[in-house]
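Chain by chain, the residues run as shown.
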There are 2 protein chains.
Amino acid sequence: MSSNNAIVLKKYIDPTEGYPKIGEHFGLEERPFNLEATKVDEEHPLLLRNIYTSIDPYIRIRMQNPKYKSYLPSLGINQVIPNLTLAEVVKSAVPEHKTGSHVIFMSGWEEYTLVPKQAMGMVQSVNNPYNLPLMTFVGALGMPSQTAYIGLKHIGQPKAGETIYVSAASGAVGQVVGQLAKAMGLYVVGSAGSDEKIAHLKEIGYDAVFNYKKESVHEALPRVCPKGIDIYFENVGGETLDAVLLNANFHARIIFCGCISQYNNPNPYGLKNYSQILTKSIKVEGFIVMNLMPLYQEEYFREMPKLIAEGKLKYKYDVYMGLGSIPEGFLAVLQGNNFGKALSKIADE
Amino acid sequence: MSSNNAIVLKKYIDPTEGYPKIGEHFGLEERPFNLEATKVDEEHPLLLRNIYTSIDPYIRIRMQNPKYKSYLPSLGINQVIPNLTLAEVVKSAVPEHKTGSHVIFMSGWEEYTLVPKQAMGMVQSVNNPYNLPLMTFVGALGMPSQTAYIGLKHIGQPKAGETIYVSAASGAVGQVVGQLAKAMGLYVVGSAGSDEKIAHLKEIGYDAVFNYKKESVHEALPRVCPKGIDIYFENVGGETLDAVLLNANFHARIIFCGCISQYNNPNPYGLKNYSQILTKSIKVEGFIVMNLMPLYQEEYFREMPKLIAEGKLKYKYDVYMGLGSIPEGFLAVLQGNNFGKALSKIADE
């Protein structure tokens, strides 16, 4: 008998309760599994062996009690935690996914996943003409990069020569935004909270950077954006957004992607400069990448793998080895202790 | 000798100084004028006789000291105050504007205007197939209606069945927004600050209304917008905007047209709920109608005069008789004491 162990939600956590505790709120569940006896059929057309799975901070929102409304539904108690995963098809009842082929699916933090027919529309075949490492499909091509690409290109409408400022620039989204914007001919400015991160931003091509823990955003922005800000990729909210509004140019676009300073803040920062939206004809737009990806999927997988294959998009990984290491990796992500994109290698390729 | 009297700016006013004073900051200047001796030529191709002129609150911004930056440049001291005006061509050196024809131009608060060649591109011929009253061209078809039309249609992207909420709904912009939205099949909700204004909103077709001086916007919105808010036509800012963000639907659009609660507020209201922009994929867009009007002018003058001729757009006027009554009318506008669109009849048709 083999196993199909999983990381499951054990208890809901309140928004203000801080970090989830391993064992109490979530943790490993040991599940015996008979691989040979497990059948695929019309109701469950695919059995997947999960190889690489993404570890993303937004999962924290799905661990909340459903009484707290958010943009994503809460998980059920004892539910396996789902996240974007690269998997091998080990049994198939459908011709479009052959045994031995690879797919991307929200199967999540477990060893094997039996896909119900209702979810088959979400299973995506891996097409890999540049022969990229398989982890790329949940890493450099995963959801943070999709967020960066769609936000920058389709919300931001960038034009060569414009100035873009990216907060949380060394994060999984910010790194990609900066490199894509640079490739589009923009002047790229970023901020992060440590000298190590700042050094990394320079390495990947940011034109100007500052450490927001050493210099206030109000002081820094006029210096690092001498021509003002045309596009702001918003990841943090709060005082940073206020300073951006003051330094924004006429017709600036604010790509509202994250608001990490406010998520767990019982005393939200009161934004003061929002009337600049009117006086400068600014556009502010929030978006959720899962809703927009179907529109841009074909274009994304045509353009991005090529950029990666050509070495034009550098990408750092933090790989957690084995299913059992996922909880530790997830806490590191929530605490900002990881540097590259966190993922777990659950099984051998 | 006839006269070309004018209302001129006499002294700049600070943003926090309250209302401008007649005589001190602006007032009537008596100017003798020889109509017969005044010639048109290549440098000054048109002489206009001003008949109806608009009286708009945004002029307050142009009376500020240039050291205060705003979205419109300050006027010069002793400059005639410009505003949208319906005029008759009395002398012409160009074939496209015949003597006796009518034009719309930013000639402003004076009896006669000699148009320099640099400004000729701004002179617009009046085309009046529905034989509307001439004051309509600076009234029901003037800048507030242009703001309402372009903001609602091209920023708001309304769909039949959606809910729109309009603050300052009885203002020159809000009245038109409500009627246009109703004609487009929306559920139209508005707020105003007196029972008389509320009664008027019901008369012109608002589906639900509330008096924000009697019921807080936080209490009222869930009641008057039972299906949530899809479009918000923002004229006031502050707490109202915060309440709207909480009651907004996924993919809501906020047409950021005015922020009157904050213009003269030394302690700006700190907006708390802006992270809703992210979690609900909201789009917030500021715009200045003068910049967008060239794009939509043809469409606007094709659609709006027809609606007015058919009686589908009701419009109230407050007409101040004679150039000398303009300062009084302007103060009434700033103090919110006028009800309909304020304009002045400077001369007979």
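Residues numbered from 1 in each chain as written. Chains lettered and ligands numbered in written order. Predicted model: local features only at pLDDT ≥ 70, side-chain atom pairs only at ≥ 80, totals over all residues. Heavy atoms only, no water.

- Per an unreviewed UniProt entry, chain A carries the name NADP-dependent oxidoreductase and comes from Schizosaccharomyces octosporus.

Quick look at the side chain of Asn4 of chain A
All names here are of chain A.
Step number 1: Within the fold, Asn4 resides in the loop between β1 (2–3) and β2 (6–9).
Step number 2: Judged by its relative accessible area of 8%, Asn4 is buried.
Step number 3: A distance of 2.7 Å separates a polar atom in the side chain of Asn4 from the backbone nitrogen of Tyr112.
Step number 4: Residues within four places of Asn4 in sequence aside, it is in contact with Arg31, Pro32, Phe33, Glu110, Glu111 and Tyr112. (Helix = DSSP H or I, 4+ residues; strand = E, 2+ residues; numbered from the N terminus. Buried < 20%, exposed > 50% of the residue type's maximum accessible area, 1.4 Å probe, protein only. Polar contact = N/O pair within 3.5 Å; in protein donor to acceptor, adjacent residues only side chain to side chain. Contact = heavy atoms within 4.5 Å.)

Some remarks on the pattern of salt bridges
Residue and element names in this part refer to chain A.
Step number 1: Taken as a whole and judged by the stated rule, the model has 30 salt bridges over all chains.
Step number 2: Among the ionic pairs, Lys117 bridges to Glu43, the shortest N-O distance being 3.2 Å. Of this pair, Lys117 sits in the loop between β8 (112–115) and β9 (124–125) while Glu43 sits in the loop between β4 (32–33) and β5 (46–54), and the two are 74 residues apart along the sequence.
Step number 3: Given a relative accessible area of 39%, Lys117 falls into the partly exposed group. (Salt bridge = Lys/Arg side-chain N within 4 Å of Asp/Glu carboxyl O.)

Some thoughts on the interface of chain A and chain B
Step number 1: Each partner contributes to the interface: chain A provides 30 residues, whereas chain B provides 30 residues.
Step number 2: Between chain A and chain B, a total of about 2400 Å² is buried, with carbon and sulfur atoms accounting for 69% of that surface.
Step number 3: Looking only at chain A, the three residues that lose the most surface to chain B are Phe256, Tyr274 and Leu278 of chain A, adding up to 27% of its buried area.
Step number 4: Here chain A is connected to chain B by zero salt bridges.
Step number 5: One can count nine residue pairs in polar contact (both at pLDDT 80 or more) joining chain A with chain B.
Step number 6: Breaking the side of chain A that touches chain B down by element, the ones donating at least two residues are β14 (248–256), α7 (276–279) and β15 (283–286) of chain A. (Buried area = accessible area lost by both parts, 1.4 Å probe.)

Considerations on the sheet that holds strand β10 (residues 163–166) of chain B
Step number 1: Spatially, β12(A)-β11(A)-β10(A)-β13(A)-β14(A)-β15(A)-β15(B)-β14(B)-β13(B)-β10(B)-β11(B)-β12(B) is the arrangement adopted by the 12 strands of the open sheet, whose pairing is mixed. Across the chains shown, the open sheet's two edge strands, defined by having one partner strand only, are β12 (208–211) of chain A together with β12 (208–211) of chain B. The sheet shows a mean angle of 15° between the axes of neighbouring strands, direction not considered.
Step number 2: Pairing of strand β14 (residues 248–256) of chain B with strand β15 (residues 283–286) of chain B, which is carried by four bridges, proceeds in the parallel orientation. Residue pairing across strands places Phe256 of chain B opposite Gly286 of chain B, the latter belonging to β15 of chain B.
Step number 3: Sheet strands in contact with helix α3 (residues 172–183) of chain B are β10, β11 (187–192) and β13 (229–234) of chain B, and its direction is about 170° off that of β10 of chain B. (Pairing = 2+ DSSP bridges. Axes fitted to C-alpha atoms, helices over the stretch in contact; angles between N-to-C directions.)

A few points about the domain arrangement of chain A
All names here are of chain A.
Step number 1: Each domain of chain A was delimited in the assignment, giving domain 1 (2–140 + 315–345) and domain 2 (143–289).
Step number 2: Centre-to-centre separation of domain 1 and domain 2, based on C-alpha positions: 30 Å.
Step number 3: Each partner contributes residues to the interface: domain 1 has 14 residues there, and domain 2 has 12 residues.
Step number 4: When the buried area of domain 1 at its contact with domain 2 is split by residue, Tyr71, Tyr315 and Phe339 rank highest and sum to 45% of it.
Step number 5: Scanning the region where domain 1 abuts domain 2 turns up zero salt bridges. (Domains from an automatic or database assignment.)

Re the packing of helix α2 (residues 143–155) of chain A against helix α3 (residues 172–183) of chain A
All names here are of chain A.
Step number 1: α3 packs onto α2 with a crossing angle of 45° between their chain directions and a minimal axis gap of 8 Å. The angle between α2 and α3 places the two elements in the oblique class. The crossing of α2 and α3 is right-handed. For the pair formed by α2 and α3, the contact residues are Pro144, Ser145, Thr147, Ala148, Tyr149 and Leu152 on the first element and Ala172, Val173, Val176, Val177, Leu180 and Ala181 on the second.
Step number 2: Among the residues forming the contact of α2 with α3, the class breakdown is 10 nonpolar, two polar and no charged. (Parallel < 35°, antiparallel > 145°, perpendicular 65-115°, else oblique. Left-handed = near helix turned anticlockwise from the far one by under 90°. Nonpolar A, V, L, I, M, F, W, Y, C, P; charged D, E, K, R; others polar.)

Quick look at the relation of the copies chain A and chain B
Step number 1: For the pair chain A and chain B, the relating rotation is 180°, the translation along its axis is 0.0 Å, and the fit reaches an RMSD of 0.0 Å. Such a combination of rotation and displacement between the chain copies is what one expects of a two-fold axis. The rotation axis passes nearest to the C-alpha of Gly270 of chain A in chain A, at a distance of 1.9 Å.
Step number 2: The residues that chain A uses at the interface reappear at the interface of chain B in 100% of cases, marking a shared surface. (Least-squares fit on C-alpha atoms with pLDDT ≥ 70 in both.)

Observations regarding the packing of helix α2 (residues 143–155) of chain B against helix α8 (residues 289–309) of chain B
The description of two helices packed together rests on the angle between their axes and the distance between the axes.
Residues and elements named next belong to chain B.
Step number 1: At their nearest, the axes of α2 and α8 sit 9 Å apart, and the two run at 90° to each other. The angle between α2 and α8 falls in the class roughly perpendicular. Taken together, the residues of α8 that come into contact with α2 (itself represented by Met143, Ser145, Gln146, Thr147, Tyr149, Ile150, Lys153, His154 and Ile155) are Val289, Met290, Leu292, Met293, Tyr296, Glu299, Tyr300, Phe301, Glu303 and Met304.
Step number 2: Taken together, the residues of the contact of α2 with α8 sort by class into 12 nonpolar, four polar and three charged.

Here we look at the UniProt feature "domain: Oxidoreductase N-terminal" (unreviewed entry) in chain A
Step number 1: Residues annotated by UniProt as "domain: Oxidoreductase N-terminal" (unreviewed entry) correspond here to residues 43–120 of chain A.
Step number 2: Taken end to end, residues 43–120 of chain A is 5% helix and 32% strand, and its first and last C-alpha atoms sit 10 Å apart. (UniProt positions renumbered as here; feature names shortened; annotations may be inferred.)

Re helix α9 (residues 326–334) of chain B
All names here are of chain B.
Step number 1: Within α9, seven of the nine residues are buried, which leaves the element mostly enclosed by the surrounding structure.
Step number 2: Residues Ile326, Pro327, Gly329, Phe330, Leu331, Ala332 and Val333 constitute the buried set of α9.
Step number 3: Looking at the buried positions of α9, the neighbouring elements they touch are β2 (6–9), β3 (26–29), β5 (46–54), α1 (59–62), β16 (317–321) and β17 (341–345).
Step number 4: Residue Gly336 follows α9 closely and has a positive phi angle near 75°.

Quick look at the packing of aromatic side chains
All names here are of chain B.
Step number 1: Tallied over the full model, the rule gives 16 aromatic pairs over all chains.
Step number 2: Geometrically, the ring pair formed by Trp109 and Phe330 is edge-to-face, given 5.7 Å between the ring centres and 65° between the ring planes. Of this pair, Trp109 sits in the loop between β7 (102–105) and β8 (112–115) while Phe330 sits in helix α9, and the two are 221 residues apart along the sequence. As far as burial versus exposure is concerned, Trp109 and Phe330 are alike and both buried.
Step number 3: Between the aromatic rings of Tyr165 and Phe210, the centroid separation amounts to 6.0 Å while the plane-to-plane angle is 20°, which identifies the pairing as stacked. With Tyr165 in strand β10 and Phe210 in strand β12, this residue pair connects regions lying 45 residues apart in the sequence. (Phe/Tyr/Trp six-rings, centres within 6.5 Å; stacked < 30°, edge-to-face > 60°.)

Here we look at the pairing of β7 of chain B
All names here are of chain B.
Step number 1: Strand direction decides the pairing type here: strand β6 (residues 85–92) and β7, joined by four bridges, are antiparallel. In the sheet register, Thr85 faces β7, and the bridge partner there is Phe105.
Step number 2: Pairing analysis gives two bridges linking β7 to strand β9 (residues 124–125), with the strands arranged antiparallel. What sits directly across from Ile104, in β9, is Gln124.

Some details on helix α6 (residues 239–247) of chain A
Step number 1: The element α6 of chain A is extensively covered by neighbouring structure, given that seven of its nine residues are classed as buried.
Step number 2: Buried residues belonging to α6 of chain A abut β10 (163–166), α5 (217–224), β13 (229–234), β14 and α7 of chain A.

Structural notes on the environment of Gln124 of chain A
Residue and element names in this part refer to chain A.
Step number 1: For Gln124, the location among the structural elements is in strand β9.
Step number 2: Sequence separation between Gln124 and His102 is 22 residues; the distance between their C-alpha atoms is 8.7 Å.
Step number 3: For Gln124, the contacting residues outside a window of four places in its chain are His102, Val103, Ile104, Gln297 and Phe301.

Thoughts on the environment of Gln64 of chain A
Residues and elements named next belong to chain A.
Step number 1: Tracing the chain through its elements places Gln64 in the loop between α1 (59–62) and β6 (85–92).
Step number 2: Its relative accessible area of 10% is what places Gln64 among the buried residues.
Step number 3: Remark: the alpha-carbon pair of Gln64 and Leu75, spanning 11 residues in sequence, is separated by 7.9 Å.
Step number 4: With sequence-adjacent residues up to four places away left out, Gln64 is seen in contact with Tyr12, Ile13, Pro15 and Ser74.

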